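# Per-entry structural report
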2 protein chains.
Amino acid sequence: MTLSEEDYIKAIFLLSKDVEKGISTNAIAMQMDTKASSVTDMIKKLADKGLVHYKKYQGVRLAEKGRTYAAKIVRKHRLWEFFLVEKLNFTWDEVHDIAEELEHIKSEQLIEKLDAFLDFPRVDPHGDPIPDKDGNIAKVDKVLLSSAKKGERGIVVGVKDSSSEFLRYLDKLKIALGKEITILNKEPFDNSVLIELDSHKISISALTANNIYLKTI
Amino acid sequence: MTLSEEDYIKAIFLLSKDVEKGISTNAIAMQMDTKASSVTDMIKKLADKGLVHYKKYQGVRLAEKGRTYAAKIVRKHRLWEFFLVEKLNFTWDEVHDIAEELEHIKSEQLIEKLDAFLDFPRVDPHGDPIPDKDGNIAKVDKVLLSSAKKGERGIVVGVKDSSSEFLRYLDKLKIALGKEITILNKEPFDNSVLIELDSHKISISALTANNIYLKTI
DNA sequence: ATTTATTTTTAGACAAAGCTAAAAATTTGT
DNA sequence: ACAAATTTTTAGCTTTGTCTAAAAATAAAT
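Residues numbered from 1 in each chain as written. Chains lettered and ligands numbered in written order. Predicted model: local features only at pLDDT ≥ 70, side-chain atom pairs only at ≥ 80, totals over all residues. Heavy atoms only, no water.

## Digging into the sheet that holds strand E4 (residues 153-159) of chain A
All names here are of chain A. If you walk across this open sheet you meet the six strands as E3-E8-E4-E5-E6-E7, and the pairing is antiparallel. Two strands lie at the open edges of the sheet, namely strand E3 (143-144) and strand E7 (200-204), each paired on one side alone. Summarising the sheet, E3 and strand E8 (residues 212-216) pair through two bridges and their orientation is antiparallel. Considered in E8, the bridge of valine 143 is made with leucine 214. Of the strands in this sheet, E4, strand E6 (193-197), E7 and E8 are in contact with helix H7 (residues 164-173), which crosses E4 at around 150°. (Pairing = 2+ DSSP bridges. Helix = DSSP H or I, 4+ residues; strand = E, 2+ residues; numbered from the N terminus. Contact = heavy atoms within 4.5 Å. Axes fitted to C-alpha atoms, helices over the stretch in contact; angles between N-to-C directions.)

Right under this line is the structure:
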């Protein structure tokens with residue numbers, strides 16, 4: 001499995017997260033910042049290897065083989081992110097690009113030993129679940145802040161957008177994993193949300209609220 | 001700098017270790033398990049980039065730029081090896097291939113934080129010195145066991161061959177970094193060396209003795 | 001000092017992965 | 001339902017790094 005093939009498989013895996021249908025060529029091209037024609041070429045190769053199911057113009061789905069392979073890459077990515085934050089003192093907005101490289105290191109033994117060294121973490125620094133060694137992913141129950149109702153309370157358990165810009169913005173707002181939030185009001189005009197956080201009231205834009213996951217309590 | 005270019009630069013760096021003259025095309029091909037013609041091609045590219053000095057048929061030398069680049073790769077390799085042994089409990093014969101992949105991870109910040117996390121180690125698990133962040137390497141004074149004189153004593157501080165086969169053989173002999181060795185006798189017939197180790201007398205072949213470094217005391 | 005052997009380089013091909021531009025299929029809009 | 005717009009695929013080219021086989025240069029040997 002080449003570096004590039006791994007990147008494609010992972011991209012398809014991540015795009016399949018909430019989607020039932022086949023993933024479109026363009027969606028993959030977008031996600032990977034490449035051209036649709038390149039995607040078509042690669043998909044054919046992956047189909048030949050039995051990693052994806054593909055019929056022309058019908059989009060692509062992961063085959064079981066491809067799904068577990070992808071989950072293992074994601075496992076590596078998230079374990080390395082956890083390592084970077086917990087052991088090397090990186091911040092949550094700095095780790096993605098480095099983990100993007102580390103996720104391709106091949107040794108199974110390495111990743112199992114790393115997992116043990118980290119004491120078997122369940123989620124990465126952005127709250128995303130770490131697949132187990134067989135590629136199974138625990139379902140985390142969480143709702144978007146944007147869909148929580150007035151009066152509800154919750155703990156921040158994840159983010160949808162984990163770009164460094166967004167994460168640094170959350171730092172500025174003092175929003176972090178584990179923080180408790182109460183929804184005081186929702187403004188119908190622009191869908192902004194008034195919340196209470198650390199005994200302060202702050203207003204959160206709809207866009208921001210749509211990228212924060214809560215576990216309601 | 002591509003993966004492949006990094007591999008070549010590192011190979012040339014390691015081959016230049018004890019050699020003054022230019023490194024031959026064949027030597028590089030041997031070291032990297034590739035063909036001489038491929039080496040010639042790559043050397044030209046590296047020369048174009050100012051990383052090596054090259055005149056046809058004259059072998060190749062690292063330019064200063066190439067030397068420090070290579071030293072940084074070696075730094076990364078050896079720091080990762082140290083991490084694998086000290087933190088993840090790998091044995092010294094298992095770490096080379098994994099470090100071979102890890103050494104290509106790009107982030108400077110990563111390697112400085114790793115260095116701090118490991119508490120600034122000076123040598124890797126095989127006794128090889130870890131270059132500093134600017135690519136300087138401390139000269140370790142050490143002699144081959146094969147060249148030590150009868151009656152001398154020393155501490156094992158390194159190995160020349162760090163193949164897993166050799167390292168596992170040393171494990172079997174109970175020879176490890178830090179062990180004290182006394183040279184009891186040298187056999188002129190086959191250049192084998194009789195040593196005392198842990199109050200036992202054992203005989204070491206010339207080949208083995210030629211791959212163990214001592215610091216005499 | 002030539003011939004022989006070895007080493008190194010060149011020339012030409014190939015596979016991987018990407019791109020552009022054009023063609024084909026599908027979807028959308030009226 | 002059919003023309004227009006969009007998406008996807010194909011065809012052909014490029015770059016990177018590799019290889020084989022042949023040619024050129026250097027080193028070794030008698």
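## Description of the packing of aromatic side chains
Considering all chains together, one arrives at seven aromatic pairs over all chains under this definition. Consider the rings of tryptophan 80 of chain A and phenylalanine 83 of chain A, whose centres lie 5.6 Å apart with planes at 85°: the pair is edge-to-face. Taken together, the residues span about one helical turn, with tryptophan 80 of chain A and phenylalanine 83 of chain A both in helix H4 (residues 64-86) at a distance of three residues. Ring geometry for phenylalanine 117 of chain A versus phenylalanine 83 of chain B: centroids 6.3 Å apart, planes at 85°, classification edge-to-face. Of the two residues, phenylalanine 117 of chain A is situated in helix H6 (residues 108-117) and phenylalanine 83 of chain B in helix H4 (residues 64-86); the pairing between them involves two chains. Under the relative-accessibility criterion, phenylalanine 117 of chain A is labelled partly exposed at 22%. (Phe/Tyr/Trp six-rings, centres within 6.5 Å; stacked < 30°, edge-to-face > 60°. Buried < 20%, exposed > 50% of the residue type's maximum accessible area, 1.4 Å probe, protein only.)

## Considering unusual backbone geometry
Residue and element names in this part refer to chain A. At tyrosine 57, a position not held by glycine, the phi torsion is positive, near 65°. Relative to the elements of secondary structure, tyrosine 57 occurs in the loop between strand E1 (52-54) and strand E2 (60-62). At asparagine 191, a position not held by glycine, the phi torsion is positive, near 60°. Structurally, asparagine 191 can be placed in the loop between strand E5 (180-186) and E6.

## With respect to the pattern of salt bridges
Residues and elements named next belong to chain A. Going through the model one piece at a time under the given rule, you end up with 22 salt bridges over all chains. A salt bridge links glutamate 5 to lysine 49; the shortest N-O distance between them is 2.9 Å. Of this pair, glutamate 5 sits in helix H1 (residues 3-16) while lysine 49 is found in the loop between helix H3 (36-48) and E1, placing the two residues 44 residues apart along the sequence. Connected via shared salt-bridge partners are Lys10, Glu100 and Glu103. (Salt bridge = Lys/Arg side-chain N within 4 Å of Asp/Glu carboxyl O.)

## Comments concerning the layout of surface pockets
All names here are of chain B. Counted as a void, the largest pocket has a volume near 1,700 Å³. Taken together, 49 residues make up the lining of the largest pocket; nearest its centre are Phe13, Leu14, Leu15, Lys17 and Arg78. Sorting the residues of the lining of the largest pocket by element identifies helix H1 (3-16), helix H2 (25-32), strand E2 (60-62), H4, helix H5 (96-102) and helix H7 (164-173) as the ones contributing at least two each. Considering each element in turn, the lining of the largest pocket owes the most residues, eight residues, to H1. Partitioned by chemical class, the residues of the lining of the largest pocket number 18 nonpolar, nine polar and 22 charged. Each of domain 1 (3-62) and domain 2 (143-216) accounts for three or more of the residues forming the lining of the largest pocket. (1 Å grid on protein atoms, 1.4 Å probe; cavity = no way out; pocket = protein on both sides within 12 Å on 5 of 7 lines; lining within 4 Å. Points joined across faces, edges and corners; volume = space filled by probe spheres on them. Nonpolar A, V, L, I, M, F, W, Y, C, P; charged D, E, K, R; others polar. Domains from an automatic or database assignment.)

## Some thoughts on the sheet that holds strand E5 (residues 180-186) of chain B
Overall, antiparallel pairing links the six strands, which are arranged E3-E8-E4-E5-E6-E7 (chain B) in an open sheet. The strands lining the two open edges of the sheet, one partner per strand, are strand E3 (143-144) and strand E7 (200-204) of chain B.

## Topic: the side chain of aspartate 93 of chain B
Residues and elements named next belong to chain B. By the secondary structure assignment, aspartate 93 is in the loop between H4 and H5. Using a relative accessible area of 12% as the deciding quantity, one classes aspartate 93 as buried. Here threonine 91 takes part through its side chain, which lies 2.6 Å from a polar atom of the side chain of aspartate 93. Engagement of the side chain of aspartate 93 in a polar contact is seen with the side chain of arginine 168, the distance being 3.2 Å. Setting aside residues no more than four positions away along its own chain, aspartate 93 makes contact with Ser164, Leu167, Arg168 and Asp171. (Polar contact = N/O pair within 3.5 Å; in protein donor to acceptor, adjacent residues only side chain to side chain.)

## Some thoughts on the protein's contact with DNA strand D
Taken together, 20 residues form the shell around DNA strand D, and within it Lys44, Tyr54 and Lys56 of chain A together with Thr2 and Lys45 of chain B come nearest. Within 4 Å of the protein, the contacting atoms of DNA strand D are drawn from sugar and phosphate to the extent of 77%. A distance of 2.6 Å is found between a phosphate oxygen of DNA strand D and a side-chain nitrogen or oxygen belonging to threonine 2 of chain B. Within the side chain of serine 4 of chain B, a nitrogen or oxygen atom sits 3.2 Å from a phosphate oxygen of DNA strand D. (Near = heavy atom within 4 Å.)

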